[in-house]
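Survey of secondary and tertiary structure
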Amino acid sequence: MTDRSDGPIGRLPEHLLVEIFTHLPVCEWVQVACVNKQWANIFQGDCLWQTAIARNWPSAGLRKRWPGPIPRGSARRRFQALYVSENFVPSGGEIDELVGHTYLYLKEQLERPAMPPSSILHGTIIDQFIACGKTGEQAHDLASKIWLAVIDSLEENEQTFLLLKRLAREGEFFLPFPYSRSYKVLWRVFDKLFTDFRDCFSGPDYHDALSTAKSRFQPVPSTWLGH
């Protein structure tokens, strides 16, 4: 995209630029923000994000802040959370901002060099949902959906391979429901390791991982076999 700062669009007042930008597809926003410094500053401020939230999710502005360890954050963060809830985490058609914030929180924690144990992350998520009035069963179901969505969103690179190996190796913790971790999530971890990252294993590493999988799942799928 060329620099239009000297053309008619570049001379528009900021509030009109915000209106134009929020009508563009979200996938084009990064490119638009790179056109010039003025447009980049608009995307760094709160006005554009608040306008986008009001246009796409009118009732979001009426919701109160929630208790618990996961904050709501800036307007930009709120837009990201609402967008995630609508597009990445299955929720039966209901847009839940907290679900999106929890997704962003978990993804950021998993990508940290010094990632906390997954049991602590899972417990934090469960506590957050319960603090907001969810039952234990609802909290466990939402946490599982978020874990699965985040795992599926990770790029296929060495960092993800090492992360999945760590999640697979972490011992089982005998915690009460809903703090017990989902069988579906652990299955997805091993399934990605043995399908998407099979060629990343050394021989001994593969057999160690397969032995761990066999101790937790019986029988293991044939697609996991054969390094």
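None of the values given here were measured: they were computed from a predicted structure.

Observations regarding helix H1 (residues 14–22)
Here H1 has its buried residues at Leu 17, Val 18, Phe 21 and Thr 22. The buried side chains of H1 occupy one side of the element, clustering within an arc of 125° when seen end-on. In this fold, the buried residues of H1 make contact with helix H2 (29–33), helix H3 (37–44) and helix H4 (47–56).

Things to note about the packing of helix H5 (residues 75–87) against helix H6 (residues 97–110)
Two elements in contact, H5 and H6, have axes separated by 7 Å at closest approach and are oriented at 100°. Here H5 is positioned roughly perpendicular relative to H6, judged by the angle of their axes. Contacts between H5 and H6 involve Arg 77, Arg 78, Gln 80, Ala 81, Leu 82, Val 84 and Ser 85 from the former and Glu 97, Val 99, Gly 100, His 101, Tyr 103, Leu 104, Tyr 105 and Glu 108 from the latter. The class makeup of the residues in the contact of H5 with H6 is seven nonpolar, four polar and four charged.

A word on H4
Helical geometry: 3.6 residues make up each α-helical turn, so side chains three or four residues apart lie on a common side. Every buried residue belonging to H4 is among Leu 48, Trp 49, Thr 51, Ala 52 and Ile 53, and all of these are buried. Looking at the buried positions of H4, the neighbouring elements they touch are H1, H2, H3 and H5.

What to know about the packing of helix H7 (residues 118–131) against helix H8 (residues 136–153)
Between H7 and H8, whose axes approach to 9 Å, the crossing angle comes to 130°. Judged by the angle between their axes, H7 and H8 are oblique. By crossing handedness, the relation of H7 to H8 is classed as right-handed. Residue-level contacts link Ser 118, Leu 121, His 122, Ile 125, Ile 126, Phe 129 and Ile 130 of H7 to Ala 139, His 140, Leu 142, Ala 143, Ile 146 and Trp 147 of H8.

How each quantity is defined
Residues numbered from 1 in each chain as written. Predicted model: local features only at pLDDT ≥ 70, side-chain atom pairs only at ≥ 80, totals over all residues. Heavy atoms only, no water. Buried < 20%, exposed > 50% of the residue type's maximum accessible area, 1.4 Å probe, protein only. Helix = DSSP H or I, 4+ residues; strand = E, 2+ residues; numbered from the N terminus. Arc of directions from axis to C-beta. Contact = heavy atoms within 4.5 Å. Axes fitted to C-alpha atoms, helices over the stretch in contact; angles between N-to-C directions. Parallel < 35°, antiparallel > 145°, perpendicular 65-115°, else oblique. Nonpolar A, V, L, I, M, F, W, Y, C, P; charged D, E, K, R; others polar. Left-handed = near helix turned anticlockwise from the far one by under 90°.

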